[in-house]
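# Geometric and topological summary
The lines below spell out each chain.
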Amino acid sequence: MEVGRMIRSSRRLFLFAVMILLLLAFSWSKPVSITILHDNDVHGRLLPFFDKTLNQTVGGAARRASIIDEIRKKNSGTLVLTAGDWISGTPISGLFKGEADFKAIQLMKYDAMVIGNHEFDYGQETLRKFINTSSVPILCANLYETKTKKTLLPPYKIFVKNGLKIAVIGITTQETPVVTHPKNVKGLEFENPSVTLSKLIPNIRKKADIILVLSHCGYQEDKELARTVPGIDIIVGGHSHSNVLLEKVDNTLIVQDYQWGIYMGRLDFKYDPAKKKFSGVTSQHILISQDIPEKADVKSLMDDYSKIIQSKMDEKVGVATVDLVKPNYGNPDSNLAIWITEVFRKRLNADIAMQNTGGVRANISKGDVTYNDIYNVLPFENLLVLLEADGELMQNILDDLAQRSESGKETSTVTGVTCIVKQGKATKVLINGQPLDPKKKYTIAVNDFMANGGSGYSILQKANLIKYDAMLRDIVLDELKLNPNIAPPVVEKFNRIDSHE
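Residues numbered from 1 in each chain as written. Predicted model: local features only at pLDDT ≥ 70, side-chain atom pairs only at ≥ 80, totals over all residues. Heavy atoms only, no water.

## Remarks on the overall build of the protein chain
Along its length, the protein chain carries 13 helices and 27 strands. For the protein chain, the C-alpha atoms occupy an extent of roughly 110 × 50 × 45 Å along the three principal directions. A buried classification covers 53% of the 501 residues belonging to the protein chain. For the protein chain, restricting intrachain contacts to residue pairs at least 6 apart in sequence, the fraction spanning at least 24 positions comes to 74%. When the accessible surface of the protein chain is summed, it comes to about 22600 Å², and 53% of that surface belongs to carbon and sulfur atoms. Of note, the protein chain has its 62 positive side-chain charges centred 8 Å away from the centre of its 57 negative side-chain charges. (Helix = DSSP H or I, 4+ residues; strand = E, 2+ residues; numbered from the N terminus. Buried < 20%, exposed > 50% of the residue type's maximum accessible area, 1.4 Å probe, protein only. Contact = heavy atoms within 4.5 Å. Areas by Shrake-Rupley, 256 points an atom, 1.4 Å probe, with all protein chains shown as cover. Lys, Arg positive; Asp, Glu negative; His and termini not counted. Charge placed at Lys NZ, Arg CZ, Asp CG, Glu CD.)

Structural data, given as structure tokens:
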């Protein structure tokens, strides 16, 4: 009996000692050093390019790959993430339908990416092929297949870095169906990010030390998620092309790395899993300048694609009879913008045509015009659509343009319309030479970005969608096959007359 009591007592003492040791070990645990490298909205900028604002050549996948490798070697607790819209917007991306982009991201060994709205630009079949073959996890928690109600992609992945468990949850904008061609998201639905995260986080929290949301929702929505969804430690954002070095909203750290791979975002911190506390938080945007060496294998991949596209890009497609100037907010009716907008109006036989100023991106010098010139002018994967509006809505659309014109906001080139702009109103409106009739139906040729409310053109969403056509640059190339000489026409256009007149 005495021996039994002694054994039981010894066991209790042993267990007690073990518990004390575990508690002491837990309380003495050291903070773990973590580095998050991140970018967003690269938009096919796989090759270095000249940035006018910085007045230097920047970017390129091969130089970013060198930065990634260098930092990984210094800290094994490095996690490399991209917050969507990796593809679409350059010849090397567009001509190969994202193939070069996805090969690069795998060769650069990103840990994860969230799907962005532009990942759908080359069609769902192409995207699914990349998803199924990618060695880089492509995440999205709020994207479902309508029929099965199953997520198209893994919602999250837990990474172990220096012993710390970091759950990365992918989330993308619910606006995706209205900023891409409907066929690209057929059979898919996007749940409200807040709803998705609120359901997921409590369960994931049991498995992970840190909850990181890899978001392609935009800066404003990221801040709202931080305010309204409990349990988010970090948001690495994209979609809005915002330059967010570091912001703390309630208990959530938010970063976003501008655009185009000009920089590589770097977030450093220490985390104590025992105290569940961050310390030593710093953030920087590393400029990808020319003095950074190019990683050999990535450069070789880029060179291979560059050689293939060079002959195509140098191909002559027309002749500019004069220097063609891109539009700007002060001059939306540049000769190049007028010509492009009229090409669109002619294509769909529309009453008027509209093209947002920010969608025409480069000048064309007098002389031979190449495929590369057209690509640089119209780099985005936008489609031309035909809308229908009654006269009353048309007046509202023109008034919206009048207000934009007077306030200096992003505006549009508009052909087929003459009017006088005064005090935020379009007055004395003539469409194709005839007074605007409030009861008449009018057609509008416009890109799908604007038609879906892009750049704040929500007024266009009230119009009826008649049909989708081809990509903008393909329409321009089709026109050049018929009429290779670009001579900007003198046409009826939306007059911008000083409000004091």
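## Considering the packing of aromatic side chains
Applying the stated criterion across every chain, the model contains eight aromatic pairs. When the centroid spacing of 6.0 Å and the interplanar angle of 75 degrees are considered together, the rings of Phe-49 and Trp-260 count as edge-to-face. Placement of the pair is Phe-49 in strand 2 (residues 49–51) and Trp-260 in the loop between strand 14 (252–257) and strand 15 (263–272), with a sequence separation of 211 residues. When the centroid spacing of 5.2 Å and the interplanar angle of 70 degrees are considered together, the rings of Trp-86 and Tyr-110 count as edge-to-face. Residue Trp-86 is found in the loop between strand 4 (78–82) and helix 3 (91–94), and its partner Tyr-110 is found in the loop between helix 4 (99–107) and strand 5 (112–114); the two are separated by 24 residues along the sequence. Residues Trp-86 and Tyr-110 agree in their burial class; the two are buried. (Phe/Tyr/Trp six-rings, centres within 6.5 Å; stacked < 30°, edge-to-face > 60°.)

## Section: helix 4
For helix 4, the set of buried residues is Ala-100, Asp-101, Phe-102, Ala-104 and Ile-105. Those residues of helix 4 that are buried lie in contact with strand 4, helix 3, strand 5, helix 5 (124–133), strand 6 (138–139) and helix 8 (296–313).

## Thoughts on the layout of surface pockets
Approximately 260 Å³ is the volume found for the second largest pocket. Taken together, Arg-205, Ala-208, Asp-209, Asp-233, Lys-248, Asn-251, Leu-253, Tyr-271, Pro-273, Lys-276, Lys-277 and Phe-278 make up the lining of the second largest pocket. Among the residues forming the lining of the second largest pocket, the class breakdown is five nonpolar, one polar and six charged. (1 Å grid on protein atoms, 1.4 Å probe; cavity = no way out; pocket = protein on both sides within 12 Å on 5 of 7 lines; lining within 4 Å. Points joined across faces, edges and corners; volume = space filled by probe spheres on them. Nonpolar A, V, L, I, M, F, W, Y, C, P; charged D, E, K, R; others polar.)

## Concerning the sheet that holds strand 18 (residues 352–356)
Ordered by their spatial adjacency, five strands build an open sheet running 21-18-25-20-26, and the pairing between neighbours is mixed. Where the open sheet ends on each side, the last strands, each with one partner, are strand 21 (412–415) and strand 26 (464–471). For this sheet, the mean angle separating the axes of adjacent strands, direction not counted, is 20 degrees. Across the sheet, helix 9 (residues 335–348) lies against strand 18, strand 20 (383–390), strand 21, strand 25 (441–447) and strand 26, angled at about 50 degrees from strand 21, the strand it touches most. Across the face of the sheet, helix 13 (residues 472–482) comes into contact with strand 18, strand 20, strand 25 and strand 26 while running at roughly 65 degrees to strand 26. (Pairing = 2+ DSSP bridges. Axes fitted to C-alpha atoms, helices over the stretch in contact; angles between N-to-C directions.)

Nothing here speaks to function; it is geometry throughout.
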